[in-house]
Amino acid sequence: MKGYEYHKPSTVKEAIDLMGSLENAKFIAGGTDVMVLIRQKKLSPAHLISLRNISDLSFMETANGFFIGGGVTHSEIVGNEFIQKHYSALSDAAGNIGSKQIRNVATLCGNICNAAPSADSACPLLVLDAKVLIAGPDKEREIALDDFFLGPNRTALEKGEMVKGFHMPPFNENTGSTYIKHTRRAAMDLPILGIAARVTIKIGGSQIGCKDAFCTIDTISNILKHLEGEDLVCEDVRIAMGVVSPKPIRAKKAEAALLGKVVSEKLFEEIAEIAASEAQPRDSIRGEAWYRRDMIKVLTKRALLKSIDRVIRPDDLIHPDRLW
Amino acid sequence: MKKIKGYSITLTVNNENYDLTAEPNRTLLEVLRDDLHLTGTKESCGEGACGSCTVLVDDQPVRSCLTLAVAVEGRHITTIEGLSQGGALHPVQDAFVAHHAIQCGFCSPGMILTAYALLKENPSPTEEEIRRAISGNVCRCTGYAKIVEAIKSLADQGRQER
């Protein structure tokens, strides 16, 4: 491996000052992407600035929603019960990235800043309305994640800037979110397609107030049929898709078409069709465009159903999806 | 090219402290194998996909091929050499031997350390949890069945002890 200098700043300011004063420097956090690129000789920085020792980056807190520091690892996210319950989609994604060894060191910030179209945590953060907190040499700024991605490996970060963390707003209790990663293998694979959804429903009828009534092993489709007269209205919705365009995108037309409607499985099928029409998937070694487009229809419907399932049934009583 | 200076670091490996000079571009794997001669840790893919270089940092499995030695200063590193005590195999190693969970043996150090970390965190994992835990360790001989059996035997013991 080519030589480089290694720097271990202990504050965000020190890290930014170093980045400003050094030529050809690169931030490194978990290193699971940067190290691979260096070893493959696709990257040869003169300086590596390690973010591992910055305590300001490695914390999570409930603050008008939830804040996740840039240096938090995927394992820490998976282990957080608050995220599991209130920001389930992010928990879904963090639990299936790479392997345990990767998740133990790889950070959320690294996954996002790499800006791969297939980044697993991107879609959940998009549906959870995450804002990116960016620290720069002169000022801090906050932008919506949707504006952060510019294209493959390109972000809105300007020279010398770094991501401090992500802030997600609070959602009311009738909100459920899901991320579905479609892969050939059950582990250690990049997604052929990633779909995330978040749905907030307005519950009109009285029956649904008693959540325990639905703790059966029945499928959510049957439960929805049963609840048809109850007018479950979609109050808020987000749908995001990964690996279908140069960057992770939201299916905004599909969202608009679902907003304010009474939810049903049939409606979700129509919504999924609209989402598929918004995607521009291409052929790649992992999957062909026509297949991806077809699978968007299947998975968008599934993600919406599962999000609603998470609202009307306590999560621990839903039979977990079998992996094997 | 200008010479990059080495950093003096202290690594704690298997409860022993080693004072070393490591260039910042050396991985933990290289330092373990070449400087400390702990060759139980293997390198295969070199880019974080196969798991044969797995070591424990503060009891958590990580890829030593993607970890810089200078980045883990002050942390507790455990390699496969650190599991056996006074010549006696660790129960996880015993179980791998008893269940024929080893064929060529190249994945075994990483596999055993991953299993050790899993059992430490969760003494009685289900088969699904076992398979999930070792999903980052590739074995090209056994087809995983024997490995899962070996870990399961320890999980059953864990269940009985509770």
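Just so we're clear, the structure is a prediction, and the values are computed from it rather than from any experiment.

Here's the deal with the sheet that holds strand β6 (residues 131–135) of chain A
Residues and elements named next belong to chain A. Spatial strand order, β4-β5-β10-β6-β7: five strands in an open sheet with antiparallel pairing. A single partner strand is all that each edge strand has here, and the edge strands are β4 (60–61) and β7 (140–144). As judged from the five bridges shared by β6 and strand β10 (residues 162–168), these two strands associate in the antiparallel manner. Bridge pairing in β10 places I134 opposite V163. Lying over the sheet, helix α1 (residues 12–21) contacts β6 and β10, oriented at roughly 135° with respect to β10.

Structural notes on the packing of aromatic side chains
For any pair of aromatic rings, the description consists of the separation of the ring centres together with the inter-plane angle of the planes. All names here are of chain A. Counted by the stated rule, this structure contains seven aromatic pairs over all chains. Ring geometry for F66 and F82: centres 5.4 Å apart, planes at 20°, overall stacked. Note that F66 is positioned in strand β5 (residues 66–69) and F82 in helix α4 (residues 81–86), a separation of 16 residues in sequence. Judged by relative accessible area, which is 3%, F66 ranks as buried. Where F66 meets Y87, the ring centres are 6.1 Å apart and the plane angle is 40°; that geometry is what we call tilted. Taken as a pair, F66 in strand β5 and Y87 in the loop between α4 and α5 (88–94) lie far apart in primary sequence, 21 residues in all. Here the two residues F66 and Y87 agree in accessibility, since each one is buried.

Observations regarding the domain arrangement of chain B
Residue and element names in this part refer to chain B. Annotation of chain B at the domain level lists domain 1 (7–82) and domain 2 (91–157). Each of domain 1 and domain 2 has a C-alpha centre, and these two points are 21 Å apart. Summing both sides of the interface, domain 1 and domain 2 together bury roughly 1200 Å²; the carbon and sulfur share of this comes to 63%. Where domain 1 touches domain 2, the interface holds one salt bridge. One salt bridge connects K120 with D59, and the closest N-O pair in it is separated by 3.1 Å. Joining domain 1 to domain 2, the criterion identifies five residue pairs in polar contact (both at pLDDT 80 or more). At the level of secondary structure, the elements contributing two or more residues to the side of domain 1 that touches domain 2 comprise β3 (54–57) and β4 (60–63). The residue inventory of the side of domain 1 that touches domain 2, partitioned by class, reads six nonpolar, eight polar and four charged.

Focus on the domain arrangement of chain A
By a widely used convention, the size of an interface equals the accessible area lost when the partners come together. Residue and element names in this part refer to chain A. Domain boundaries in chain A define domain 1 (5–50), domain 2 (56–168) and domain 3 (175–317). Domain 2 and domain 3 are separated by 22 Å when their C-alpha centres are compared. Taken together, the contact between domain 2 and domain 3 spans 25 residues of the former and 25 residues of the latter. Regarding the contact of domain 2 and domain 3, the summed buried area is about 2100 Å², with carbon and sulfur atoms giving 56% of it. Taken as a group, P117, C123 and V127 account for 26% of the area that domain 2 buries against domain 3, more than any other trio of residues on that side. Linking domain 2 with domain 3 are five salt bridges, by the criterion used here. Linking domain 2 with domain 3 are 13 residue pairs in polar contact (both at pLDDT 80 or more).

Observations regarding the environment of A256(A)
Relative to the assigned elements, A256(A) resides in helix α11 (residues 252–258). Note: C-alpha distance between A256(A) and L125(A) (131 residues apart in sequence) is 19 Å.

Parameters and conventions
- Residues numbered from 1 in each chain as written.
- Chains lettered and ligands numbered in written order.
- Predicted model: local features only at pLDDT ≥ 70, side-chain atom pairs only at ≥ 80, totals over all residues.
- Heavy atoms only, no water.
- Pairing = 2+ DSSP bridges.
- Helix = DSSP H or I, 4+ residues; strand = E, 2+ residues; numbered from the N terminus.
- Contact = heavy atoms within 4.5 Å.
- Axes fitted to C-alpha atoms, helices over the stretch in contact; angles between N-to-C directions.
- Phe/Tyr/Trp six-rings, centres within 6.5 Å; stacked < 30°, edge-to-face > 60°.
- Buried < 20%, exposed > 50% of the residue type's maximum accessible area, 1.4 Å probe, protein only.
- Domains from an automatic or database assignment.
- Buried area = accessible area lost by both parts, 1.4 Å probe.
- Salt bridge = Lys/Arg side-chain N within 4 Å of Asp/Glu carboxyl O.
- Polar contact = N/O pair within 3.5 Å; in protein donor to acceptor, adjacent residues only side chain to side chain.
- Nonpolar A, V, L, I, M, F, W, Y, C, P; charged D, E, K, R; others polar.

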